[in-house]
Every structure is written in structure tokens, then in C-alpha cells.
Amino acid sequence: MPEDRPYDIVLLGATGFTGGLTAEYLARHAGPGVRWAVAGRNRAKLEAVAERVGLPGLPLLHADATDPASLADVARQARVVATTVGPYTLHGEHVVAACAEAGTHYADITGEPEFIDLMYLRHHDRAGRTGAKLVHACGFDSVPHDLGAYFTVKRLPEGVPIEMDGFVRAGGRPSGGTVASALLMLSRARRTAETALARRRIEERPAGRRARGRAGTLRYVGGWALPLPTLDPQIIARSARALERYGPDFTYRHHVAVRRLPTALGLAAGAGALAALAQVPPARSWLAGRIAAGDGPTPEQRAKGWFKVTFLGRGGGERVVTEVAGGDPGYDETAKMLAESALCLAFDDLPEAAGQLTPAAAMGDALTGRLRRAGVTFRVLSDSRA
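Cut-off values and rules
Residues numbered from 1 in each chain as written. Predicted model: local features only at pLDDT ≥ 70, side-chain atom pairs only at ≥ 80, totals over all residues. Heavy atoms only, no water. Helix = DSSP H or I, 4+ residues; strand = E, 2+ residues; numbered from the N terminus. Buried < 20%, exposed > 50% of the residue type's maximum accessible area, 1.4 Å probe, protein only. Contact = heavy atoms within 4.5 Å. Areas by Shrake-Rupley, 256 points an atom, 1.4 Å probe, with all protein chains shown as cover. Phe/Tyr/Trp six-rings, centres within 6.5 Å; stacked < 30°, edge-to-face > 60°. Lys NZ or Arg CZ within 6 Å of the ring centre and 35° of its normal. Polar contact = N/O pair within 3.5 Å; in protein donor to acceptor, adjacent residues only side chain to side chain. Axes fitted to C-alpha atoms, helices over the stretch in contact; angles between N-to-C directions. Parallel < 35°, antiparallel > 145°, perpendicular 65-115°, else oblique. Left-handed = near helix turned anticlockwise from the far one by under 90°. Nonpolar A, V, L, I, M, F, W, Y, C, P; charged D, E, K, R; others polar.

A. Local environment of the overall build of the chain. When helices and strands are counted, the chain shows 16 helices and 15 strands. Evaluated residue by residue, the chain yields a buried proportion of 52% over its 386 residues. Pairs at least 24 residues apart make up 78% of the contacts formed inside the chain by residues separated by at least 6 positions. Accessible surface, the chain: about 16800 Å² in total, of which carbon and sulfur atoms supply 53%.

Below is the structure:
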């Protein structure tokens with residue numbers, strides 16, 4: 001990547017809720033040698049962000065998600081573009097296209113499978129030719145899960161089939177942007193499936209190896225585990241296909257963990273009702289209006305947020321249990337993960353691979369190390385013969 005670009009990192013979306021938290025994190029932790037800027041279409045709002053983070057001289061760039069020329073100009077000036085502008089299916093493609101064309105690394109916090117698959121179909125090849133790393137899902141979706149599975153695999157024998165289960169527990173409150181993205185995904189289930197099929201038809205798979213990621217099953221494991229049909233298993237399976245360390249035959253199953261059966265049944269019923277309502281435009285609009293875009297939990301509410309993801313891995317006659325844990329998952333930790341991903345892409349010694357990559361395949365140990373130093377814990381709970 002050219003070293004003479006004026007900015008190491010450009011943050012797009014800093015006037016939104018999570019983007020503002022990401023700007024605050026960069027202001028505190030990027031360091032004086034990092035050349036970074038914020039970009040958006042409203043200069044007054046960008047100036048307010050710069051004042052709020054204590055950097056009134058922070059460079060402000062014009063960028064509009066609906067104006068490809070402005071995004072191309074930003075991408076040519078940056079080594080890395082990090083964006084929080086969602087829902088990505090509606091607002092994200094022009095940024096990806098600009099980075100793929102300019103050879104600029106890219107990171108976002110999307111949890112939208114359709115968007116990721118579309119970007120693979122449309123921009124993976126070009127990014128591979130220009131050297132751009134396009135890394136989606138650099139927030140709670142899916143960094144702790146992807147890096148946690150990678151951390152666990154590395155503690156099992158090499159060259160053997162591996163089975164792994166992940167169990168997610170978390171507490172926190174959503175923002176308007178998260179609600180909007182979730183409702184959009186639920187309303188586009190058919191298009192999401194069609195796009196996934198189109199990707200499977202053209203995507204190369206590793207010869208002699210296979211990897212699968214899926215939602216788990218209802219089970220009792222000292223508490224109740226329910227299938228969790230999020231983006232995370234897809235990301236983990238793609239990391240397993242990209243990296244031989246996952247072995248010749250890798251299977252991952254994803255769950256949400258709760259203590260009591262009534263809670264589990266309530267979650268399942270609530271998820272079903274939300275999916276049904278999302279198919280009805282008036283109901284979807286009503287639900288989206290419950291939390292305005294740009295709104296989110298207060299600092300006091302976020303301070304009470306937490307997450308723990310436990311991984312049970314088995315392979316080669318050995319069994320390991322690990323845990324990845326941190327604070328408020330949707331906002332404080334997501335902002336931290338995105339900012340550290342951008343810093344990692346800009347400055348760390350990473351694999352040469354380019355195109356659309358997962359966090360583990362693009363950044364692996366380097367990003368794990370950054371997050372551990374930033375307070376996200378990766379630890380082994382037990383390690384024994386199976």
C-alpha cells in the first residue's frame with residue numbers, strides 16, 4: 001500500500017452513535033503518530049465531533065454515501081477506511097467499491113450477510129488485484145467469535161478434524177442503527193438466501209479440506225443453549241476455509257446461552273415474532289421508530305454492558321474450553337474493535353492476502369494481541385484429553 005497517502009485512517013460515519021464512540025476511542029488511543037481524519041457530508045456535525053473528542057484541528061473530509069466520486073476521493077487519500085454507516089445493504093457499497101479500486105484497506109461493523117455476499121460477488125476480485133483487504137464484521141459481529149474460534153483452534157492438535165461449539169452470553173441495549181439493520185435483514189431473508197447461493201456457486205473451496213458453520217441446537221449444558229442464527233458461524237467457517245490450521249474437517253455450531261428454560265422459550269418466541277413483524281412494512285416502520293437513528297444507550301447504561309463467549313473445542317483426542325470476554329458489546333467494545341482493526345490494518349505486519357477477508361484471516365494474532373492489550377480477555381478455562 002502506498003505510504004505517501006495523507007491519512008493512515010479515515011473514519012466514515014463519526015457523526016452517528018457508534019461512529020462517535022469510535023472517534024472517541026481513536027482520539028484516546030491512536031497515538032500522536034497516527035494521521036487520521038473523519039469524513040461525512042455535514043461539516044458542522046463533523047466539527048462538533050472533533051470538539052467533543054478534544055481534537056479541534058482534526059482533519060474533516062467531505063464524503064457522501066450516495067456520491068461515489070466523493071468516496072473515491074476519500075479512498076485515494078487513506079491507507080484504511082473504517083465505516084459505521086449502515087444499514088450497509090442500503091448505504092455501504094460505494095465505500096467498498098472505492099476502496100477496492102484504490103487499493104485501500106477497508107473495515108466495517110456490519111452483521112448483514114446479504115451485504116457481505118454481494119460485496120464478495122462484486123468487488124472481491126478487484127480488491128485482490130489492487131491489494132486491498134476488505135474486512136467486514138469488525139465489531140461484536142464477528143470479532144470475538146471469529147478470533148475466539150481461532151484462539152481455540154490454536155490450542156488443539158494440528159492436522160486433525162475439529163468440532164467446536166460457541167456459547168454467547170451478553171447484556172446491553174441496542175441503538176437505532178442496530179434496530180434498523182436487524183429489521184432490514186429480517187425483511188430481506190429471501191434475497192439474502194439468493195445472494196448466498198450465488199456466492200456459493202462461484203466461490204472456490206479449499207481442495208481436500210472442508211469447513212461448516214451453523215446455528216446450534218436446543219440443548220442443556222448446565223444452562224439452556226439455543227441456536228443462534230447470526231452472521232458469526234459464516235465468518236468462522238470462512239476463516240476455517242482460508243487457514244489450514246483449522247484442520248481437514250472443521251465444524252462450528254453457534255448458540256446463545258441462558259440459565260432458565262422460560263427465558264429460552266421467551267427468546268425463541270420473541271425472535272419469531274420479530275421476524276414475522278419485519279415482513280409487514282407498517283409494522284417494520286413502527287418498530288424502527290421506537291429508537292431513532294443515532295440514539296443509543298447512555299454511558300451509565302453502557303457501563304453495565306458485558307459479554308462472554310465460551311468455546312468448547314474437540315480434536316485429536318483433546319478437549320479445550322476457552323473464553324473471550326469484555327464490556328458493552330454493541331457500542332463501547334464494538335467501537336474498540338473497529339478502531340483497533342483499522343490500526344491493525346494500517347500498521348501491523350499482516351499476511352499478504354487481499355480481497356474480501358475475515359478478521360481472523362486478515363489480522364489473526366495481530367488483532368488478538370491488540371484487543372488483549374485493550375482489555376478484551378482471551379483465556380483458556382480448561383485443557384484436557386477428550
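B. Seen up close, the packing of aromatic side chains. Per the stated rule, a full pass over the model turns up five aromatic pairs. Plain terms: the ring middles of Phe17 and Tyr331 are 5.4 Å apart, the flat faces sit at 80° to each other, and that makes the pair edge-to-face. Placement of the pair is Phe17 in helix α1 (residues 17-29) and Tyr331 in the loop between β13 (318-326) and α14 (332-347), with a sequence separation of 314 residues. Considered together, Phe17 and Tyr331 belong to a single accessibility category, that of buried residues. Just above the ring of Phe347 sits the side chain of Arg79; from NZ or CZ to the centre is 5.6 Å. Seen from the ring of Phe151, Arg155 lies directly overhead, with NZ or CZ sitting 3.7 Å from the centre.

C. Fine view of the environment of Thr66. Mapped onto the fold, Thr66 is located in the loop between β3 (60-62) and α3 (68-77). A residue is classified by how much of its surface remains accessible, and Thr66, at 59% relative accessible area, is exposed. Sequence separation between Thr66 and Arg41 is 25 residues; the distance between their C-alpha atoms is 10.0 Å. In this structure the side chain of Thr66 is engaged in a polar contact, spanning 2.8 Å, whose partner is the side chain of Asp64.

D. Spotlight on the packing of α1 against α14. Close contact between α1 and α14 brings their axes to 8 Å; oriented N to C, the two are set at 55°. As the angle between them shows, α1 and α14 are arranged oblique. Remark: the crossing between α1 and α14 carries right-handed chirality. In this structure, α1 uses Thr18, Leu21, Thr22, Tyr25 and Leu26 to contact α14, whose residues at the interface are Asp332, Thr334, Ala335, Lys336, Leu338, Ala339, Glu340 and Leu343. Class assignment for the residues of the contact of α1 with α14 results in seven nonpolar, three polar and three charged.

E. How the structure looks around the environment of Arg238. With respect to the helices and strands, Arg238 occurs in helix α10 (residues 232-242). You can call Arg238 buried: its relative accessible area is 14%. For the pair Arg238 and Leu357, spaced 119 residues apart in sequence, the C-alpha separation works out to 8.3 Å. Excluding its chain neighbours within four sequence positions, the residues that come into contact with Arg238 are Ile116, Asp117, Arg199 and Thr358.

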